[in-house]
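The chain contents come next:
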Amino acid sequence: MMQDKTAAAAPEAQAEVQAETEAQTHAPAPADEATVFPEAEERLALQMPVDVRNVSLVVLAILASLFVLQWASAVFIPVMLSVLLSYALSPLVNALALRRVPRWLGSTLLLLVIVGGLGSTAYALRLEASQLIEALPAAAKKLGQAVKVHGSKSDSALETVQKAATQIEQAARESAAAPGGPRGATRVVIEAPRFNISDYLWTGTMGLMALIGQTTVVIFLTYFLMLSGDTFRCKLIKLVGPDTNRQAVTLQALNEITLQIQRYLQVQLFTSALVGVLTSLALLALGLENAAVWGVVAAVLNLVPYIGSLITAAASALVGFLQFGSFNMALAVGGASLVIHTVVGNLVTPWLTSRASRLSPVAVFVGLLAWGWLWGVWGLLLGIPILMMVKSVCDRVDDFKPIGEFLGS
């Protein structure tokens, strides 16, 4: 009896299963996310795994490095100057070594020629430089008087407020000094310190001695770096390990870095000398006094991008106004200096500098701000070469290539 019931139920179960299968077959397919939300197909997810611990360590390391660079600036500045000078002068020492001149003799002769040339130039231009320095305050005073004369003769609102404040302050002092004034208040009189020439002599002597000491350190350290030659490079290759492939790659990278830095420094020295000569000739043609001194100033300040050209143009225009007494001549003098800097910086420098060694204008400006904050005037002079060295290293190291790409133009 049970078998008959089971046999009768079997066809019914098979019919139900067949009906469910047909329903699933003819049922509409479920709508996916791209069908319901068409914009989801265009949405991209950027996967950037960031390790918070590593980022924090990097930030702390950068802050600690900045603190050490500022705290020990008296040590790092001479070292960086010496390294850059050795990079710039090493090709000349190597050329003398190929002619069988010992490195110690070639380095000594080269430094003596450079120091002697700078000293003789400074001695020859000392009178013109002193006249130029003495003329700057008078030029500023004359410019202020000319602006006041060409301005409105009526007092401005600010001047009226200042005069009123001065009168009120004077009235308050007279009332306080009157016999019937309020009692219980002690009048304090601040006396200016007396002029003591020994203090100024001592301060100037200490500053001069510090400058002489740092210059001596830079000269000797540059001499030792040029004398060492490839010693440090060989030691660094030994530290890589016994693998010949890694040593070959390291040697190639060091050679490329050295060549890139030397080329950059040589271009900067050449363009600075070119700017100095052209500025001196242009100002001499305009009739400006002490044109040779202005050429030296323009050559030195050309090493500071953007800011150096503006300082040279403004100062030369100020002195031109003092000499000629005309705004047109002042604009001509300042404009000539600015045009020379612009033409050399935008045409000659990019032509001489390879594409790989060019820096981004944003990186240059931010680097000037950062290194100027760290080291002052020396930071403005050394900031761009340091960024160039950092970019050269980052371009050859795989882990630092994004930094080199960011610094490049």
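Predicted model only: the values in this text are computed from it and were never measured. (Residues numbered from 1 in each chain as written. Predicted model: local features only at pLDDT ≥ 70, side-chain atom pairs only at ≥ 80, totals over all residues. Heavy atoms only, no water.)

Re the overall build of the chain
Argument step 1. Each helix and strand counted, the chain has 16 helices and 0 strands in total.
Argument step 2. By the burial criterion, 26% of the 409 residues in the chain qualify as buried.
Argument step 3. The contacts of the chain with a sequence gap of at least 6 include a subset with a gap of at least 24, amounting to 70%.
Argument step 4. Surface accessibility of the chain: about 28,500 Å² in total, with carbon and sulfur atoms responsible for 68%. (Helix = DSSP H or I, 4+ residues; strand = E, 2+ residues; numbered from the N terminus. Buried < 20%, exposed > 50% of the residue type's maximum accessible area, 1.4 Å probe, protein only. Contact = heavy atoms within 4.5 Å. Areas by Shrake-Rupley, 256 points an atom, 1.4 Å probe, with all protein chains shown as cover.)

As for the nonpolar core
Soluble, globular proteins show a tendency: their nonpolar side chains are buried together.
Argument step 1. Ranked by size, the top nonpolar core spans 27 residues in total, and within it Leu 359, Trp 371, Trp 375, Leu 382 and Ile 384 carry the most contacts.
Argument step 2. Elements with a contribution of two residues or more to this core: α4 (73–98), α10 (244–286), α14 (361–375) and α15 (377–396).
Argument step 3. Not counting the four nearest positions on each side in its chain, Trp 371 is found in contact with Leu 69, Gly 376, Gly 379, Gly 383, Ile 386 and Leu 387. (Core = buried A, V, L, I, M, F, W, Y, C linked by side-chain atoms within 4.5 Å.)

Topic: the environment of Ala 299
Argument step 1. Along the chain, the position of Ala 299 falls in helix α11 (residues 291–301).
Argument step 2. Dropping the residues within four chain positions of it, Ala 299 is found in contact with Ser 272 and Gly 276.

Things to note about the side chain of Thr 271
Argument step 1. Within the secondary structure, Thr 271 sits in helix α10.
Argument step 2. Looking at Thr 271, its side chain comes within polar contact range of the main-chain oxygen of Gln 268, at 3.0 Å.
Argument step 3. In this structure, Thr 271 is in contact with Asn 302, Val 344, Val 348, Thr 349 and Leu 352, ignoring residues within four places of it in sequence. (Polar contact = N/O pair within 3.5 Å; in protein donor to acceptor, adjacent residues only side chain to side chain.)

Re the packing of aromatic side chains
Argument step 1. Tallied over the full model, the rule gives 4 aromatic pairs.
Argument step 2. Among the aromatic residues, ring-to-ring pairing joins Phe 220, Tyr 223 and Phe 224 into one connected group. (Phe/Tyr/Trp six-rings, centres within 6.5 Å; stacked < 30°, edge-to-face > 60°.)

Considering α14
Argument step 1. Over its 15 residues, α14 extends 21 Å from the first C-alpha to the last, a length consistent with the 21 Å expected when each residue adds 1.5 Å.
Argument step 2. Every buried residue of α14 is accounted for by Ala 363, Val 364, Gly 367, Leu 368, Trp 371, Leu 374 and Trp 375. For α14, the angular spread of buried residues about the axis comes to 140°, placing them on one side. In α14, the exposed positions angled more than 90 degrees off the buried face are occupied by Val 362, Leu 369 and Trp 373.
Argument step 3. Gly 376, located one to two residues past α14, shows a positive phi value of around 70°. (Expected span 1.5 Å × (residues − 1). Arc of directions from axis to C-beta.)

Some words on a nonpolar patch on the surface
Argument step 1. On the surface, Val 55, Leu 57, Val 58, Val 59, Leu 60, Ile 62, Leu 63, Leu 66 and Trp 373 cluster together into a nonpolar patch covering about 860 Å² of accessible area.
Argument step 2. Per-element tally for the nonpolar patch: the top contributor is helix α3 (residues 52–71), with 8 residues.
Argument step 3. Mapped onto the elements of the fold, Val 58 is located in helix α3.
Argument step 4. Judged by its relative accessible area of 49%, Val 58 is partly exposed. (Patch = residues over 30% accessible without salt bridge, like charges linked within 9 Å, V, L, I, M, F, W, Y side chains within 5 Å. Salt bridge = Lys/Arg side-chain N within 4 Å of Asp/Glu carboxyl O.)

Some words on the confidence of the model for the chain
Argument step 1. Mean pLDDT over the chain works out to 74, with 69% of the residues at or above the 70 mark.
Argument step 2. Within the model, the stretch residues 5–9 combines pLDDT values under 50 with 0 contacts to residues more than four positions away or in other chains.
Argument step 3. Across residues 29–34 the pLDDT falls below 50, and counting only partners more than four positions away or on other chains, this stretch makes 4 contacts in the model. (pLDDT = per-residue confidence, 0-100.)

Overview of the packing of α4 against helix α5 (residues 103–124)
Argument step 1. Contact geometry of α4 with α5 gives a least axis separation of 9 Å together with a crossing angle of 135°. What the angle tells us is that α4 and α5 run oblique. When you trace α4 past α5, the crossing you get is right-handed. For the pair α4 and α5, the contacting residues are Leu 89, Leu 92, Val 93, Asn 94, Leu 96 and Ala 97 in the first and Arg 103, Gly 106, Ser 107, Leu 110, Leu 111 and Ile 114 in the second.
Argument step 2. Grouping the constituent residues of the contact of α4 with α5 by class yields 8 nonpolar, 3 polar and 1 charged. (Axes fitted to C-alpha atoms, helices over the stretch in contact; angles between N-to-C directions. Parallel < 35°, antiparallel > 145°, perpendicular 65-115°, else oblique. Left-handed = near helix turned anticlockwise from the far one by under 90°. Nonpolar A, V, L, I, M, F, W, Y, C, P; charged D, E, K, R; others polar.)

Some details on unusual backbone geometry
Argument step 1. A positive phi angle, near 65°, is found at Arg 100, a position not held by glycine.
Argument step 2. Tracing the backbone through its elements, the reader meets Arg 100 in the loop between α4 and α5.
Argument step 3. Positive phi, normally seen in glycine, also occurs at Asn 290, with a value near 55°.
Argument step 4. Of note, Asn 290 is situated in the loop between α10 and α11.
Argument step 5. The class of Asn 290 is buried, set by a relative accessible area of 15%.

Notes on the packing of α11 against helix α12 (residues 307–324)
Argument step 1. Their axes nearest at 8 Å, the elements α11 and α12 cross at an angle of 160°. Accordingly, the angle class assigned to the pair α11 and α12 is roughly antiparallel. Here α11 and α12 pass one another in a crossing that is right-handed. Note on element contacts: α12 touches α11 through Gly 308, Ser 309, Ile 311, Thr 312, Ala 315, Ser 316 and Val 319, opposite Trp 294, Val 297, Ala 298 and Leu 301.
Argument step 2. Within the contact of α11 with α12, the residues separate by chemical class into 7 nonpolar, 4 polar and no charged.

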